[in-house]
Amino acid sequence: VNYYRDFAYAENEYKNKNLKIAMFTNNYFPVIGGVPISIQRLAKALRKKGHEVKIFAPEYKNKIQNEDEKNIIRCNSIYYYEEAGLEFPVTNIYSPQIKKDFQAEDFDLVHAHHPFWLGNKGRKLAEEFNLPLAFTYHTRLEKYAHYVPNILFIRKFFANRLSHFLIRNFANKTDAVFAPTESTKEYLRNVGVSRYIKVMPTGIDFEYYNCDENKIKELRKELIGKSEHLLISVSRLSKEKNLYFLLDGINRLKETSELDFKLIIIGSGSEKENIMQFIKDNSLENYIELIGAVDFREMAKYYLASDLFVFASTTETQGMVLLEAMAAKNPVVAVKSSGIDDVIEEASNGYKTEEEIDKWSSRIKELLNDRKKYEEFSQNAFETAKNYSIEKMAEEAEELYYKIMQLKKYHND
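Residues numbered from 1 in each chain as written. Predicted model: local features only at pLDDT ≥ 70, side-chain atom pairs only at ≥ 80, totals over all residues. Heavy atoms only, no water.

(A) Region of interest: the pairing of strand 7 (residues 133-136). Covered by surrounding structure in strand 7 are Leu133 and Phe135 together with Ala134 and Thr136, the residues of both alternating faces. As paired elements, strand 6 (residues 109-112) and strand 7 share three bridges and run parallel to each other. Its bridge partner lying in strand 7, Ala112 is registered against Phe135. In this fold, the crossover linking strand 6 to strand 7 by way of helix 3 (residues 118-128) has right-handed handedness. With three bridges connecting them, strand 7 and strand 8 (residues 176-179) associate as parallel partners. Considered in strand 8, the bridge of Phe135 is made with Val177. (Buried < 20%, exposed > 50% of the residue type's maximum accessible area, 1.4 Å probe, protein only. Helix = DSSP H or I, 4+ residues; strand = E, 2+ residues; numbered from the N terminus. Pairing = 2+ DSSP bridges. Right-handed = clockwise from strand over helix to strand, strands pointing away.)

(B) A look at the sheet that holds strand 15 (residues 350-353). Here we have six strands laid out as an open sheet, ordered 12-11-10-13-14-15, and parallel in their pairing. Whereas interior strands pair on both sides, the edge strands pair on one side only; in this sheet they are strand 12 (288-292) and strand 15. Each strand axis lies, on average, 20 degrees off the axis of its neighbour in the sheet, ignoring direction. In the sheet, strand 10 (residues 229-234) pairs with strand 13 (residues 308-310) via two bridges, with the strands oriented parallel. Counted as the bridge partner of Leu231 is Leu308 from strand 13. (Axes fitted to C-alpha atoms, helices over the stretch in contact; angles between N-to-C directions.)

(C) Region of interest: helix 2 (residues 96-105). Here helix 2 has its buried residues at Ile98, Phe102 and Glu105. Buried residues of helix 2, seen end-on, are gathered within an arc of 65 degrees and therefore sit on one face of the element. Turned more than 90 degrees away from the buried face of helix 2, the exposed residues are Pro96, Lys100 and Ala104. For helix 2, the secondary structure elements touched by its buried residues are strand 1 (20-24), strand 2 (52-58), strand 3 (72-75), strand 6 and helix 3. (Arc of directions from axis to C-beta. Contact = heavy atoms within 4.5 Å.)

(D) How the structure looks around the packing of helix 12 (residues 357-369) against helix 13 (residues 371-385). Where helix 12 contacts helix 13, the axes come no closer than 5 Å and their chain directions differ by 100 degrees. Regarding the angle of helix 12 to helix 13, the classification is roughly perpendicular. The segment helix 12 lies against helix 13, with Glu366, Leu367 and Asn369 engaging Arg371, Lys373, Tyr374 and Phe377. Grouping the amino acids of the contact of helix 12 with helix 13 by side-chain chemistry returns three nonpolar, one polar and three charged. (Parallel < 35°, antiparallel > 145°, perpendicular 65-115°, else oblique. Nonpolar A, V, L, I, M, F, W, Y, C, P; charged D, E, K, R; others polar.)

(E) Structural detail: empty space enclosed by the protein. Scanning the entire structure with this criterion turns up three cavities of 30 Å³ or more. In this structure, the largest cavity spans a volume of roughly 90 Å³. Forming the walls of the largest cavity are Ile37, Arg41, Ile204, Asp205, Tyr208, Tyr209, Phe296, Met299, Ala300 and Glu324. Those elements that provide at least two residues to the lining of the largest cavity are helix 1 (34-48) and helix 9 (299-305). In the lining of the largest cavity, the residues fall into seven nonpolar, no polar and three charged. The space that makes up the second largest cavity amounts to roughly 80 Å³. Forming the walls of the second largest cavity are 13 residues, and the residues nearest its centre are Ser38, Thr136, His138, Met200 and Thr202. Elements that contribute at least two residues to the lining of the second largest cavity include exactly helix 1 and strand 8. Of the residues that constitute the lining of the second largest cavity, the class distribution is seven nonpolar, six polar and no charged. (1 Å grid on protein atoms, 1.4 Å probe; cavity = no way out; pocket = protein on both sides within 12 Å on 5 of 7 lines; lining within 4 Å. Points joined across faces, edges and corners; volume = space filled by probe spheres on them.)

(F) A look at a nonpolar patch on the surface. There is a patch of nonpolar side chains on the surface, built from Ile78, Tyr79, Tyr81 and Phe88 and spanning about 420 Å² of accessible area. The element that contributes the greatest number of residues to the nonpolar patch is strand 4 (residues 77-83), accounting for three residues. Residue placement: Tyr81 occurs in strand 4. Owing to a relative accessible area of 38%, Tyr81 belongs among the partly exposed residues under this scheme. (Patch = residues over 30% accessible without salt bridge, like charges linked within 9 Å, V, L, I, M, F, W, Y side chains within 5 Å. Areas by Shrake-Rupley, 256 points an atom, 1.4 Å probe, with all protein chains shown as cover. Salt bridge = Lys/Arg side-chain N within 4 Å of Asp/Glu carboxyl O.)

Any functional reading would require information beyond the geometric quantities listed.
Given below as structure tokens:
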């Protein structure tokens, strides 16, 4: 048995070829989230390089048309689950229309963004038509176990066993895997993924940061009120995002410092009412404001209007919102975890602390009280972000696409 990979394949004959790529995702716009934004940025950058990208995504009740809709193939949904105003459609993956739409496009390869449902439909179509298949590991499924019914230990089984099995089983049926950070690559190896893994973080679309300075000043004035410092956090308002730690930390900052600050939290979700009650119970109305969901094309304005990004989630595969904030020269204070650890350079572009309220809040205090240190961290944050453009992301993806196409052809021959 030869356990080494095959080195005999020829030079890549696909390099510089314009590709036709099918992407499969379980959620996409109009729902705002990390996965849709990541897919949109990758598709946009690939199209700029001359490739054609079609996105197979669920059909939503609210059929909002946008300039990108011509590149989206909407798959018929048979059920709509709604939570806190957010819509989660269940696509009819057995519909023959999906295969018809797929065949009509004559794709070169498939890129799946989930290890189940529509992602698995994409895998089966790639297999049926003998096309290369790439997969991006976006989500730590085990951290979403609280959404699984708590019947006969199913929730515990999902968190400890099933979620990791789903990832490993799916990834090992693909030709290559994208991991957003080194720590997620390490996780994939630990659970038994044997396929080639390429680290490719979600890029930043710097086009949206070219904003009118006067408009940014107006937005800042509107958001900050009479406060001196404007903090920002971006997160879905749900249990897995560790938001009550963040709220406790802000409350501690209020109690232990003389800082004149305000925190804006951008995002929506099922915990909104509970968070509002927490704010009221702790007299934080003048310190915290829930902004709600913001169009991803407008997000850069909020980062540019802010001074410091604060974060408490421990469920991220990558620090996408951290990098977005850094692109607007916001240093970051966050809790140590996967994804976060790869982005923050300790005591350089921000701080990453243990999940301890006093440590976390004291780092915020330290940065806002030391102007010289703040300015140094701010510039370092910007320098970090410059390494993560969507153009760079497209180059990395393109390189892997060509590689798996060549290997597919070699093994077919």
